[in-house]
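Each chain is listed here by its residues.
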Amino acid sequence: MWRDAEQALTLMWLLSWTSHSVCHSPPGRPRLTRCRSPEKETFTCWWEPGSTGGLATSYQLYYRKESSLEVFECPDYHKAGNNSCYFDKQHTSIWIIYNITVVASNALGKAYSESVEVDVMDIVQPHPLETVNVTFVQTTNSPYFLVQWQPPHDADTRSGWVTIKYEVRLKIENSGDKEDSSWESYSAGEQLEFSIYSPQPGASYVVQVRCKLDHGLWSEWSPSAFIQVPDNMPDTQNAVMIIAVTLTVIIFLLTAGALTVKMKPMKHFLLPPVPEPKIYGLDTQLLKSGKSEEIFSALITPGYPQIVQSSDRQVEYLVVSNYDEEMDFDGKAHLEDPKGENRPTDTAQKVSQNSIKISLNSSQVLNTTLSKNDHSGTVSNELSVLGEPQQLLHLKCNGSPVKAQDQNTQMSSSSNCEHVSINTAGLTEYVEVDEDQKPLVREDYSMVSDIISDNILVLQDSIPVEGHKEVKCDKTSEPLGYLETLTTFSSES
Amino acid sequence: MKKTTVLQVCVAFVLCSMWAVAGSPVDCPGQDTEGTSCTISIEKLLERAVQHAELIYRFSEDSKLMFDEMLISYGMNLHIPEGTMCAPKTVPVPLSKSEIQEISDKWILHSILILAQFWIDPLVEVQASLESYENVPSALLTRSKWISTKLMSLEQGIIVLIRQILGEGSLALEGPEQTSDRFVSSSILETVRRDYSVIYCFRKDAHKMQTFLKLLKCRQIDKENCSLF
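This one's a predicted model, so the numbers in the text were calculated from it and none came from an experiment.

## A short note on the overall build of chain B
Along the backbone of chain B there are six helices and zero strands. Along the chain direction, N to C, the helices and strands of chain B fall in the order α-α-α-α-α-α. Out of the 229 residues in chain B, the part that is buried amounts to 40%. Considering only residue pairs separated by 6 or more positions, chain B has 82% of its internal contacts joining residues 24 or more positions apart.

Here it is, written out as structure tokens:
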């Protein structure tokens, strides 16, 4: 009996087990597969039904809003197809989390799916793009692909509610036996077209585009667009290049040949000589040889400038006299003392007035300083002449005890000499005039006995003057071209 | 006996496994914690609210400009002297920095809610009235419609925020009953004037809402350095 009971029980179990799959039974658990929001304003959820249990099964979707216990049912089962639930704008809120459950029910019972929590902003995935156009643009030197597309419908990209980003990918489609190359992806930002440069000539490409909203999920890739790059005309470009290169080489060879061949006219034609400076009268050979006087002599044209050559004149201005018959001069002093010291007269000194007047033809102003130093009875007057280098200063002396000493030049005067010339080589010169004599003219002009011309005074001299000193005098051969010197010395005789 | 027992146990086991209705704990999206119910974090909510408010303000600016252009095309010139046409609100505006620092989160949230609830109805009316205009630019219509829907959404968001931040229960969703001057237009000019004043004044309040939300977001997220001015 036990055995029969056991067998019956076993049979019943077996029957129920088989009838589970074959005969009617409550439904199996459905499963929510995914929920998507294409534009952040609505969303849709899809589920996968479980086993039907052999009976007609209906599915309902219920949801709760966050922590509230109130349960709502799906607002639209049909818009998104079978086994779907569409939440329209009124029912979509981005502020709360939805707790969604699908219930499968038939005559025998119900089955609940697992609950899924949905935050609308997290499930944003736009629809795939529908149309993608690719064209091959042939510009002169850089051909490129132009990929264009339209934004996904529904997405409100223009208002700023969502920011959209696109991505383009392409690869070479090989119809042969080679393996497929990999995709190259390019990010295209928010624009609706994209250019891809340097396509391989002769290859055939596949292009796809996808998009993403904010930080959501990428959409599916758009349908592929195909393009074939023509095998084109590097030939003309190459020909131009070759011709250009050949021409360049020919020109180069010609030039090199012309330069190496020492044909002067050819050389002059190709490389004209640089013109040298030419100054009329100046011989560059002289410069090379290095004699400066000759050079400058060449510069001096006869007749320019006006040179006072007569020595008489110069003598007029130089008063040197030891003897009675000598004439004493009293010249005027034109001193431009840069130090501001103007010493036209100094009665305490022997030399009453030493006047030096130097003028230049040029506009240079000679600054002359005249300083008097007392050296044990001698009066030395330093004349420093600043300004243009004067090469020659002619001073005439007439037997005067004037001793002129020039630092840079040789200048001296003798009583008998007729020329006192100063060769200046530098900017400053000192003409030192030593005088032993007492100044001739004191403040009162009582000693003046006669006046000759406008710059010669004849003084009566009763005091014998000490012996004259020998003064050398250099005669220079050539006068200064551009310098006119008028020098007056007055000394006591 | 043993065989059948074993067989029964096996079959029972197989059957039971098919009918297993196990309740597993729910995973909250974007969060690690598992709980009975999930909520969106406050930072995320504030970010979304600020984004709403910014867009609403921007669209209200655009609407005002478009309305101005439309008026010019009509030949009308409505000069709105400042501050006279906008109805006084129950929301005083803090004027100084110290005042702003004193106001509490509760005050901010309630103020924004009052403002949002106040403007929903007038904007819906204006949008309906705009459709009856001649030569109204379609952009203006879409904009105003967009503003009213988003404003309602923002109101929902503020309620959620109040619940999260302040812990208050769900507020009554009906705002203060206002004596809506539903006016039947006596003249076209009056209608236009009213519509314009709604858009004009709403723009100011939209800016207020945006500012308050930004301040609130700043306070919640970065408590130390929060200065708007």
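## Considering the confidence of the model for chain A
Should pLDDT be low for a region, the predicted coordinates there are not to be read in detail. Averaged over every residue, the pLDDT of chain A is 69; residues scoring 70 or more account for 55%. Note on residues 324–437 of chain A: pLDDT under 50 across the span, and 398 contacts to partners over four residues away in sequence or across chains.

## Topic: the state of the cysteines
All names here are of chain A. By the definition in use, this model includes two disulfides over all chains. At a sulfur-sulfur separation of 1.8 Å, the disulfide partner of C35 is C45. Taking the torsion about the sulfur-sulfur bond, which here is approximately 110°, the covalent link between C35 and C45 counts as right-handed. You can see C35 sitting in strand 1 (residues 31–36) and its partner C45 sitting in strand 2 (residues 43–48), a full ten residues away along the chain. For the pair C35 and C45, a shared accessibility class is recorded, and that class is buried. Between the sulfur of C74 and that of C85 lies a disulfide, 1.8 Å long from S to S. On the S-S bond that ties C74 to C85, the torsion sits near 110°, and the link is right-handed.

## Quick notes on unusual backbone geometry
The backbone phi angle of K40 of chain A is positive, close to 70°, even though this residue is not glycine. Checked against the element boundaries, K40 of chain A lands in the loop between strand 1 and strand 2.

## What to know about helix 5 (residues 138–166) of chain B
Taking 1.5 Å of rise per residue, 29 residues should cover 42 Å, and helix 5 of chain B covers 41 Å from first to last C-alpha, within 8% of that figure. Among the residues trailing helix 5 of chain B, G167 of chain B stands out with phi positive, at a value near 75°.

## Some words on the sheet that holds strand 14 (residues 204–213) of chain A
Pairing between sheet strands relies on hydrogen bonds along the backbone, with the strands arranged either parallel or antiparallel. All names here are of chain A. On the basis of which strands lie adjacent, the open sheet formed by four strands has the order 12-11-14-15 and antiparallel pairing. Only two strands of the sheet have a single neighbouring strand rather than two, namely strand 12 (184–189) and strand 15 (225–228). The average undirected angle you get between the axes of adjacent strands in this sheet is 25°.

## Comments concerning the pattern of salt bridges
A side chain with one charge can pair with a side chain of the opposite charge if their charged atoms come near. Applying the stated rule across the entire model yields 15 salt bridges over all chains. The closest approach of N and O atoms between E41 of chain A and K150 of chain B, which form a salt bridge, is 3.4 Å. Placement of E41 of chain A in the loop between strand 1 and strand 2 and of K150 of chain B in helix 5 is noted, with the two residues assigned to different chains. When its relative accessible area of 10% is taken as the criterion, E41 of chain A is described as buried.

## Observations regarding the packing of helix 5 of chain B against helix 6 (residues 188–221) of chain B
All names here are of chain B. Orientation of helix 5 relative to helix 6, taken along the N-to-C sense of each, is 30°, at an axis distance of 13 Å. By the criterion of interaxial angle, the relationship of helix 5 to helix 6 is roughly parallel. Note that helix 5 runs across helix 6; the crossing there is left-handed. Of the residues in helix 6, those touching helix 5 at I147, L151, L154, I158 and I165 are F202, M209, L213, L216 and Q220. Looking at the contact of helix 5 with helix 6, its residues break down into nine nonpolar, one polar and no charged.

Criteria and thresholds
- Residues numbered from 1 in each chain as written.
- Chains lettered and ligands numbered in written order.
- Predicted model: local features only at pLDDT ≥ 70, side-chain atom pairs only at ≥ 80, totals over all residues.
- Heavy atoms only, no water.
- Helix = DSSP H or I, 4+ residues; strand = E, 2+ residues; numbered from the N terminus.
- Buried < 20%, exposed > 50% of the residue type's maximum accessible area, 1.4 Å probe, protein only.
- Contact = heavy atoms within 4.5 Å.
- pLDDT = per-residue confidence, 0-100.
- Disulfide = S-S within 2.5 Å.
- Expected span 1.5 Å × (residues − 1).
- Pairing = 2+ DSSP bridges.
- Axes fitted to C-alpha atoms, helices over the stretch in contact; angles between N-to-C directions.
- Salt bridge = Lys/Arg side-chain N within 4 Å of Asp/Glu carboxyl O.
- Parallel < 35°, antiparallel > 145°, perpendicular 65-115°, else oblique.
- Left-handed = near helix turned anticlockwise from the far one by under 90°.
- Nonpolar A, V, L, I, M, F, W, Y, C, P; charged D, E, K, R; others polar.

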